[in-house]
Structure formats: structure tokens, C-alpha cells
Amino acid sequence: MACPFIDEVVDEGAIVLRRAFQRERTFRGRSDPLAFNDSYLYERYRFSRDGIAYICRLLSPHIANNTRRNRALTVPQTVCIALRFFASGTFLNTVGDAENISKASVCRSVRTVYLSLKVHSFFTRLLNVFITFPGHKAIRTIKHAFYGIAGFPNVIGALDCTHVRIKCPSGPHEADFLNRKSVHSINVQMISDADCIITNVEAKWPGSVHDSRIFRASSLYQQLARGEFSGVLLGDKGYPCLPYLLTPHQDRYNNAHARTRGCIEMAFGLIKSRFQCLKHLRVTPPRACDIVVACVVLHNIACLRRERQPRIVEEEDWGNEAVLEENETGRLIRDTYANNYFA
């Protein structure tokens, strides 16, 4: 009969093996990211010191570590880790080596930040000013800004979709994410104002879904159909012509239409140049959608705070198919615009 005060031989052996293979914990030195100058910070995080501090104050109630551990990541460190991933689009290991932390810590920090930006941007009164339609300015000011581009009146937004590449998803719905170029992606709908600030975003559709389908399924489509907004959107040939969505038509009209709608193309270029991760996200589709929304919120913060703009890279043409069906009332309204303002 074994004595209750003596450990089992198996337990003693397990302890010996555990001690033999146990790695000593090493704490890497970490620097304060806000101690560097603005040029250093912008190259790595796409924000100045004041911009990073502003984001930290905004997200601190949601991402601060409630722990007594003396080596826990601070709010600025957590924010800068996520910003570095968004800005570079590189692997988590590379971000961890640059920030002197483990891959697991990078993953947790990125997830914490993008979930805080997405969830709290839409469901609290604190952050919903960053993505709001038709914008944070008076609707008359928005129309005046669009009119100043090429003389196109009554415009409250430029509408288009862009594809964000993702890794091949697993499961039975893998084919749904193949777009017309046989690339796995999510199709993201955005609306911008004349200052390239995003006023509406729909990031939840696979790459195979057509732009017009995304627009018709959006809540904004229902609001526009009910006449809740005074003004029209501008869209490309991939959308049907509707009373509240005008598409290309004829020469002089088309020239003004293309120049005015160019705001959304420029916004796509700005977002993808500022946050290189949007060129290829190596995550699952749900996480990719969350990251896209987070990057849009950060883009709007950068625009509102007048952060330094990156060099714009031309947006890739995804070759959206033209829509043949058109609304009779929409066509009449488009003809009225063309005859009255661009004849």
C-alpha cells in the first residue's frame, strides 16, 4: 500500500522531465513608441505622435489590460502593434520581431484593436461620427463640395466597390469568394464625400457578388428609396440608373460625372496605400471584413486630423460587368440632368 505522504514515482518522473525541458522565461525590452519623432512614427504606423495619442485615448476604455502584471502591454504599445500590421500588411512574426514581442501577442493586439474600432464605431455614440451618411458636415456643404469639382449638382456621395484579396477560405463556400479574375476576395462597397472621407461601408460580401446586388441589399438602398436623403449618388456602369443613383450617359455629362465620381477611386487608393494589409489579407473572411472596417475608421480619423497622406497607388481595375436593366424614372432624371446642366 502506497504511503499518502510520498509522491508517486510517475509524478516525480514527470516533474524531472518538465524541469529538464522547461525554457527560462525571457522578457524582451520594449520601447515607448511615442518617444520617437513624427517622421519615424509615420513611416511605421501612418500616424503622427498626436494622432496615435488621440487613437489611444479613444480606445483606452476598451483595450486597456486590467491586470497586475508588470510586463503587460500598454495601450500605446497595443495600438502601435495593430497600426504596424495594418500599415505594412506583413506577417505577424515580422511585426513581432520589429516590436520585440511574440507572434501570439501581435495576434491578440491586432484582434483587440480592430474589434474595438469596428464594434464601438457603430454601436456607441462616441465613435459613430467617423462613418456616417451623408457625412459629418451639413448636406448643403457636401453638395457644394461636389459641385466645385466639375459642376455636377445635388450630389451627396460617390459610390463604388473594391475587392480586398484574402487567402483561400476553407469549407463548402470557397467558390463564392472567387471574383471575375479568379482571385479569392471580399467585395467591399463604400461611399465617399468630396474630401475622400468614407461615409458608408458594406464589408460582408464574397468576391463573386455583383456590385449592384450589394447596393440593393444594403440598408442605405432602402433609405434612399424612401426618400430619406435629399440628393443623388454617382455610380459607374455596374449599377442601374435609379432616381437616386445616376450612372454614365453622354459626353459632356460623362466628363463631369467621371471627374466628380473620381473621389471614391482616390479614396480607395488612399486607404490601400495607407494600410498595405488591404492588398492581401491572410485571414478568414469574417476577420478580413472586420479589418477592412477598422481600416476605414482609421482612414477617416487620419483625414479628419489631416495626417500626412501617402503616395497614392492606382487602384486595380476589377472589370465590373455593366448592368442592362435601368429604371425608367431614373433614366428620365438622368436625361434632365444632362439636358439642363450639360447640354
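Bear in mind the structure is a predicted one, so any value in this text is a computation, not a measurement.

1. Section: the environment of T247
Mapped onto the fold, T247 is located in the loop between β5 (245-246) and α10 (251-274). Measuring from C-alpha to C-alpha, the distance between T247 and G330 comes to 9.3 Å, with 83 residues separating the pair along the chain. Among the polar contacts made by the side chain of T247, one reaches the side chain of R334 at a distance of 3.0 Å.

2. Comments concerning the environment of E43
Mapping E43 onto the fold places it in helix α2 (residues 38-45). Distance from E43 to A87, taken between C-alpha atoms, is 8.7 Å for residues 44 residues apart in sequence.

3. Quick word on the packing of helix α7 (residues 139-150) against α10
Each pair of packed helices can be described by the angle between their axes along with the distance between the axes. The contact between α7 and α10 brings their axes to 8 Å, and the two run at 130°. What the angle tells us is that α7 and α10 run oblique. As for how α7 packs across α10, the hand of that crossing is right-handed. Contacts from F146, I149 and A150 of α7 reach α10 at A256, R259, T260 and C263. When grouped by side-chain class, the residues that make up the contact of α7 with α10 number 5 nonpolar, 1 polar and 1 charged.

4. Notes on the pairing of strand β2 (residues 185-192)
With 8 of its 8 residues buried, β2 lies for the most part within the structure. Neither face of β2 is exposed, since S185, N187, Q189 and I191 on one face and I186, V188, M190 and S192 on the opposite face are all buried. In the sheet, strand β1 (residues 155-165) pairs with β2 via 8 bridges, with the strands oriented antiparallel. Across the sheet, residue D160 finds its bridge partner in β2, namely M190. Looking at chain direction, β2 and strand β3 (residues 198-206) are connected through 7 bridges and run antiparallel. Of the residues in β3, the one forming a bridge with M190 is V201. Hairpin connection from β2 to β3: 5 residues lie between these consecutive antiparallel strands, with C196 at a positive phi of about 65°.

5. Considerations on the pattern of salt bridges
This structure, assessed with the given rule, holds 10 salt bridges. Linking E99 and R84 is a salt bridge whose minimum nitrogen-to-oxygen distance equals 2.9 Å. Separated by 15 residues along the polypeptide, E99 in helix α5 (residues 92-99) and R84 in helix α4 (residues 75-88) bring together distant segments of the chain. By the burial criterion, E99 is buried, and R84 matches it. The residue E328 makes a salt bridge to R331 at a minimum N-O spacing of 2.2 Å.

6. Comments concerning the environment of P248
One can find P248 in the loop between β5 and α10. Residue classification places P248 among the partly exposed positions, given a relative accessible area of 34%. Taking the C-alpha atoms as reference points, P248 and K237, separated by 11 residues in sequence, lie 6.4 Å from one another. Once residues within four sequence positions are removed from consideration, P248 is found in contact with G235, D236, K237, Y253, N254, H257 and R334.

Procedures and definitions
- Note that residues are indexed from 1 along each chain, following the sequence as it is written.
- Residues qualify for local features only when their pLDDT is at least 70, as the model is predicted, and side-chain atom pairs are given and counted only at 80 or more; totals for whole chains, interfaces and linings, by contrast, use all residues.
- Note that the side-chain values use all heavy atoms of the structure and ignore hydrogens as well as water.
- Numbered from the N terminus, helices here are DSSP runs of H or I no shorter than four residues, and strands are runs of E no shorter than two.
- In protein, a polar contact requires one atom able to donate a hydrogen and another able to accept it; more generally it is a pair of N or O atoms within 3.5 Å, and residues adjacent in sequence count only if both atoms are side-chain atoms.
- Angles run from 0 to 180 degrees between N-to-C directions of axes, and those axes are lines fitted to C-alpha atoms, restricted for helices to the stretch in contact.
- Angles below 35 degrees are treated as roughly parallel, those above 145 as roughly antiparallel, those between 65 and 115 as roughly perpendicular, and all remaining angles as oblique.
- Crossing handedness: left-handed means the near helix sits turned counterclockwise from the far one by under a right angle, and right-handed means the same turn made clockwise.
- Only heavy atoms matter for contacts: two residues are in contact if any of them lie within 4.5 Å across the pair.
- Here the term charged refers only to Asp, Glu, Lys and Arg, the term nonpolar to Ala, Val, Leu, Ile, Met, Phe, Trp, Tyr, Cys and Pro, and the term polar to all other amino acids, Gly among them.
- Here the term buried applies to any residue with accessible area under 20% of the maximum for its type, exposed to any over 50%, and partly exposed to those in between, with areas from a 1.4 Å probe on protein chains only.
- At least two DSSP bridges between two strands are needed for those strands to be called paired.
- What makes a salt bridge here is a side-chain nitrogen of Lys or Arg within 4 Å of a carboxyl oxygen of Asp or Glu, nothing more.

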